[in-house]
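Structural features, examined
In case you want the letters, here they are:
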Amino acid sequence: MTRDWDLDSVATELLACEDERRDREPFTDDWTDLDLDTAYAIQDETLRRRLARGERVVGVKLGLTSRAKQKRMGIDVPLVAWLTDAMVLPAGEPVPQGTLIHPRVEPEIVFVMRDRLQGPGVTAVQALAAVDRVHGGAEVIDSRYRDFRFRLPDVVADNASSGAYVTGPVGVEPSALDLTTEAVLVEVDGAVVDSATGAAVQGNPAEALALAVNDLGRRGHALEAGWVVLTGGMTDAVFAPPGASIACHFTSLGSVHISGGPREDS
């Protein structure tokens, strides 16, 4: 059975799926001409509702910035979405299994902004000059779509599969780091399963940062001082079920450890 969707009803359904830990088929199965501008308007409407219920914007995230992620999802355009304080995962806390549907973890290079920055027309050099510190981090992505099956407008509307994120304890000035060669090893239950360098993220994570600020500028927004920017998964994401132990080991930015939490049968 198909139905007619619009901005308001999709925003309502996405937040309901999140609250109820319920997945669904992508909206583009029914709304075949859903476009990116409308999808971003849906994303902004869900943010408006998050703020109305007491959440606070703390930054933005990029999605599908690495070739590995783009290839797996069949998508070739990066996207930008919102981070709120409800998505912060304190260091040492396990994956919030009770609030997520099918969490996966991916390593990220994370920027903390020193200066307010507004596009369009911002270059990677200009963007990096506005950064205070660079951290290693990990995002726990989730999706309201069954089996992570979606088209680009679906995932944009769904706030780029936002779930939770953790920022590592080591912060480095941008000038002290070669972002393109900063490497990460992803370890699951003691075995290394993937690796990448910062070059996997748009050739340089600073390019992803510029992409974010320019996209926000097009939408009438800016990056604010103190905000966090997740530049996108460096590798493909790994599942994070109860009982799993996941670590992202960076060359210069320390390590981020995330537990899947206790096994359901323990």
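Quick note: structure is the one above.
Residues numbered from 1 in each chain as written. Predicted model: local features only at pLDDT ≥ 70, side-chain atom pairs only at ≥ 80, totals over all residues. Heavy atoms only, no water.

As for the overall build of the protein
Counting its regular elements, the protein contains 6 helices and 11 strands. Computed over the C-alpha atoms, the radius of gyration of the protein is 17 Å, within 12% of the 18 Å expected from 2.2 N^0.38 for a compact globule of 266 residues. A principal-axis box enclosing the C-alpha atoms of the protein has dimensions of 55 × 50 × 35 Å. In the protein, of all internal contacts separated by at least 6 residues, the share reaching a separation of at least 24 is 75%. As displayed, the protein offers around 11100 Å² of accessible surface, 50% of which is attributable to carbon and sulfur atoms. For the protein, the centre of its 25 positive side-chain charges and the centre of its 41 negative side-chain charges are spaced 1 Å apart. (Helix = DSSP H or I, 4+ residues; strand = E, 2+ residues; numbered from the N terminus. Rg over C-alpha atoms; globule rule 2.2 N^0.38 Å. Contact = heavy atoms within 4.5 Å. Areas by Shrake-Rupley, 256 points an atom, 1.4 Å probe, with all protein chains shown as cover. Lys, Arg positive; Asp, Glu negative; His and termini not counted. Charge placed at Lys NZ, Arg CZ, Asp CG, Glu CD.)

A short note on the sheet that holds strand β6 (residues 183-188)
If you walk across this open sheet you meet the 4 strands as β7-β6-β10-β11, and the pairing is antiparallel. Across the chains shown, the open sheet's two edge strands, defined by having one partner strand only, are β7 (191-197) and β11 (255-259). Along the sheet, successive strands turn relative to each other by an average axial angle of 15°, direction set aside. Where β6 and β7 come together, 6 bridges link them in antiparallel fashion. If you follow L185 over to β7, its bridge partner there is S195. (Pairing = 2+ DSSP bridges. Axes fitted to C-alpha atoms, helices over the stretch in contact; angles between N-to-C directions.)

Side note on helix α6 (residues 205-218)
What sets the pattern is the α-helix's 3.6 residues per turn: residues three or four places apart point alike. Here α6 is 14 residues long and its end C-alpha atoms lie 20 Å apart, about the 20 Å a rise of 1.5 Å per residue gives. With 11 of 14 residues buried, α6 lies mostly within the body of the structure. The distance from a side-chain oxygen at the start of α6 to the backbone nitrogen of A206 is 2.9 Å, and the residue carrying that oxygen is N204. (Expected span 1.5 Å × (residues − 1). Buried < 20%, exposed > 50% of the residue type's maximum accessible area, 1.4 Å probe, protein only. Polar contact = N/O pair within 3.5 Å; in protein donor to acceptor, adjacent residues only side chain to side chain.)

A look at the packing of aromatic side chains
On inspection of all chains with the given rule, the structure shows 4 aromatic pairs. On the basis of an interplanar angle of 85° and a centroid distance of 4.8 Å, the ring pair of W5 and F27 is categorised as edge-to-face. Note that W5 is positioned in the segment before α1 (7-20) and F27 in the loop between α1 and α2 (36-52), a separation of 22 residues in sequence. Here W5 and F27 have matching classes, each one buried. (Phe/Tyr/Trp six-rings, centres within 6.5 Å; stacked < 30°, edge-to-face > 60°.)

Description of the environment of T235
Along the polypeptide, T235 turns up in the loop between β8 (228-230) and β9 (238-239). Taking C-alpha positions, T235 is 28 Å from G217, a pair spaced 18 residues apart along the chain.

Things to note about α1
If you check α1, its first and last C-alpha atoms are 20 Å apart, about what 14 residues at 1.5 Å a residue would give, namely 20 Å. Taken together, the buried positions of α1 are occupied by S9, V10, A11, E13, L14, L15, A16 and C17. In the core, the buried residues of α1 are packed alongside α2 and α5 (152-157). Positive backbone phi, approximately 50°, marks R21, located one or two places after α1.

A short note on the pairing of β6
Where burial is concerned, the two faces of β6 differ: the one with V184, V186 and V188 is buried and the one with A183, L185 and E187 is not. Where β6 folds back on β7, the antiparallel hairpin that results is connected by 2 residues, among which D189 adopts a positive phi of roughly 50°. Across 5 bridges, the pairing between β6 and strand β10 (residues 245-250) is antiparallel. Note that in β10 the partner of V186 across the bridge is C248.

That's the geometry; what it means functionally is another story.
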